Amino acid sequence: MSSEQPKVCVIVCDMAPYHEARYNAVVSVAPVDMVDAGQMMEAAYTRPDQLRFPVHRLDLSGLVAKLTALAPEVLVVPGWANEVAHRAILWALENDCALVTFTDSQLEGQQHSALKGFVKRQLVSVFDAAVVAGTRADRYMRHYGMSPEACFMGVDAVDNQHFARYLQSSKNELLALRSILELPERYILSVGRMVAQKNYSGLLKAYQRYVEQGAPGQLDLVIVGDGPLRHELEAQIHQSGLKDQVHLIGRIAYEDLPAVYRLADAFVLASNTSSETWGLVVNEAMAASRPVFVSISCGCSDDLVVNGKNGGTFDGNQVEALAMHFERIGDGSYDLDAMGHASQSMIQEWGVPRFADSFWQAVRFAAVEKKSVPFYRRWLLRLLFWAIQ
């Protein structure tokens, strides 16, 4: 091991913009080897000029050989839910390499069983340290056996500076942006894939209730994103008579997102299942100085939202609760400027510098405190990975 930082390799599966910002911060401290055997995400590698580090991109079949050639002292494997992670974990166990993982999993909303608990404890036990998203993920890892001192917080970070780029813009500049992007004068914003866990149907029902109650403030609803449920949502909008107030603007460029956030009155994430383990779009909205209203199903709601300070929380399955927030946003009951300033201030504690700091703390801890994994557990994991592939 070197006298400064251990030799580190990170497994990634498709380099998205938020990965770029995180790992650019990591390599500002010391170099790391990046290995990507994913290559499936549509947004991956759309901005290669932004990377401050090389990435070894390869097929899954070449993963073991590449790791052997790189010979890291610490291997960082974000999660354990795919075959790339399985092969990387087994390589580390067979080559006496310390293991670090990332997770934003939560116990809340999960169905528990003795068998699932046993399997997860076996998985967690092979990692020497973890970088966790926040309070819920920290609780999750401790529940499944990781020691408190081996957990470091802050994995779910975005490039706050990118989303804050219009904070100093003048009213005239923002007016011009609104015209260019063809956005309504006042709107509530939601961003994400049109899939069931995002609960867009519930969001539309809450917005419909707000309209039926007089629509104070005349707020429109803007939804950014696309996905398999788009046609269903379009039909719901049409049947509800909301086609003039609800705008499905599809996917937009990463470079345009900061303006869309900045011009919104407030941001809403209405997910109603525990599958929303964090909610990075909340980070983005806060960095753009927006009030955020977040379902309690979302992992970030415990850490990023303080009711009445920078927004509020609600039960994603309670239409009336969200409709009430819409009314208060529209009628001026909430001080949206103060909430937005609070959001922008609070998210500074959850940016990429914290991710980089936690990354290196976890790596150093794992290198020093590497555990010995019993032979039987290695074979148990091999059998488990084989069974779930």
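In case you missed it, the structure is sitting above this.
Note that this is a predicted model, so its numbers are computed, not measured.

What the protein chain contains, in helices and strands, is 16 helices and 13 strands. Against the compact-globule benchmark of 21 Å for 389 residues, the protein chain has a radius of gyration of 22 Å, which places it among compact chains. On the principal axes, the C-alpha backbone points of the protein chain span a range of 65 × 45 × 35 Å. Burial statistics for the protein chain: of 389 residues in total, 55% are counted as buried. Here the analysis covers contacts within the protein chain between residues at least 6 apart in sequence; of these, 74% occur between residues at least 24 apart. Entry remark: accessible area of the protein chain is about 17300 Å², with carbon and sulfur atoms responsible for 50%. Counting 35 positive and 44 negative side-chain charges, the protein chain places the averaged centre of each group 4 Å from the other.

The next thing to look at is helix H15 (residues 352-368). Taking 1.5 Å as the rise per residue, H15 with 17 residues should run 24 Å; its terminal C-alpha atoms sit 24 Å apart, in good agreement. Buried within H15 we find Val352, Phe355, Ala356, Ser358, Phe359, Trp360, Ala362, Val363, Phe365, Ala366 and Ala367. Against strand S1 (8-12), helix H1 (17-27), strand S4 (74-77), strand S5 (98-103), strand S6 (129-132) and strand S7 (151-153) lie the buried residues of H15.

What follows is about unusual backbone geometry. Residues other than glycine seldom take positive phi values, yet alanine 71 does so here, at roughly 50 degrees. Checked against the element boundaries, alanine 71 lands in the loop between helix H2 (63-70) and S4.

This part is about the packing of H2 against helix H3 (residues 83-94). Between H2 and H3, whose axes approach to 10 Å, the crossing angle comes to 40 degrees. Considering the angle they form, H2 stands oblique to H3. Classified by chirality, the crossing of H3 by H2 is right-handed. Of the residues in H3, those in contact with Leu63, Val64, Leu67 and Thr68 of H2 are Val84, Arg87, Ala88 and Trp91.

What follows is about the nonpolar core. Ranked by internal contacts, the top residues of the largest apolar core, which has 111 residues, are Tyr23, Leu75, Leu189, Tyr261, Phe267 and Phe359. Broken down by element, the residue count for this core peaks at 10 residues, all from H15. Ignoring sequence-local partners within four residues, the contact set of leucine 75 consists of Cys9, Ile11, Leu67, Ala88, Trp91, Ala92, Cys97, Ala98, Leu99 and Val100. Residues Met194, Ile237, Leu248 and Leu322 belong to the second largest nonpolar core, which totals 28 residues.

This part takes up the pattern of salt bridges. According to the stated counting rule, one finds 15 salt bridges in the structure shown. Residue arginine 87 pairs with glutamate 83 through a salt bridge whose shortest N-O separation is 2.9 Å. Remark: glutamate 83 and arginine 87 occur in helix H3; sequence separation between them is 4 residues, near one turn of the helix. For arginine 87, a relative accessible area of 31% puts it in the partly exposed group. Accessibility expressed as a relative area gives 29% for glutamate 83, which makes it partly exposed. Measuring nitrogen to oxygen at the nearest pair gives 3.0 Å for the salt bridge that ties arginine 165 to glutamate 255. A residue pair is termed long-range when its members are at least 10 positions apart, and arginine 165 in the loop between helix H6 (160-163) and helix H7 (171-181) and glutamate 255 in the loop between strand S10 (246-250) and helix H10 (257-262) qualify at 90 residues.

The rules behind each value
Residues numbered from 1 in each chain as written. Predicted model: local features only at pLDDT ≥ 70, side-chain atom pairs only at ≥ 80, totals over all residues. Heavy atoms only, no water. Helix = DSSP H or I, 4+ residues; strand = E, 2+ residues; numbered from the N terminus. Rg over C-alpha atoms; globule rule 2.2 N^0.38 Å. Buried < 20%, exposed > 50% of the residue type's maximum accessible area, 1.4 Å probe, protein only. Contact = heavy atoms within 4.5 Å. Areas by Shrake-Rupley, 256 points an atom, 1.4 Å probe, with all protein chains shown as cover. Lys, Arg positive; Asp, Glu negative; His and termini not counted. Charge placed at Lys NZ, Arg CZ, Asp CG, Glu CD. Expected span 1.5 Å × (residues − 1). Axes fitted to C-alpha atoms, helices over the stretch in contact; angles between N-to-C directions. Parallel < 35°, antiparallel > 145°, perpendicular 65-115°, else oblique. Left-handed = near helix turned anticlockwise from the far one by under 90°. Core = buried A, V, L, I, M, F, W, Y, C linked by side-chain atoms within 4.5 Å. Salt bridge = Lys/Arg side-chain N within 4 Å of Asp/Glu carboxyl O.

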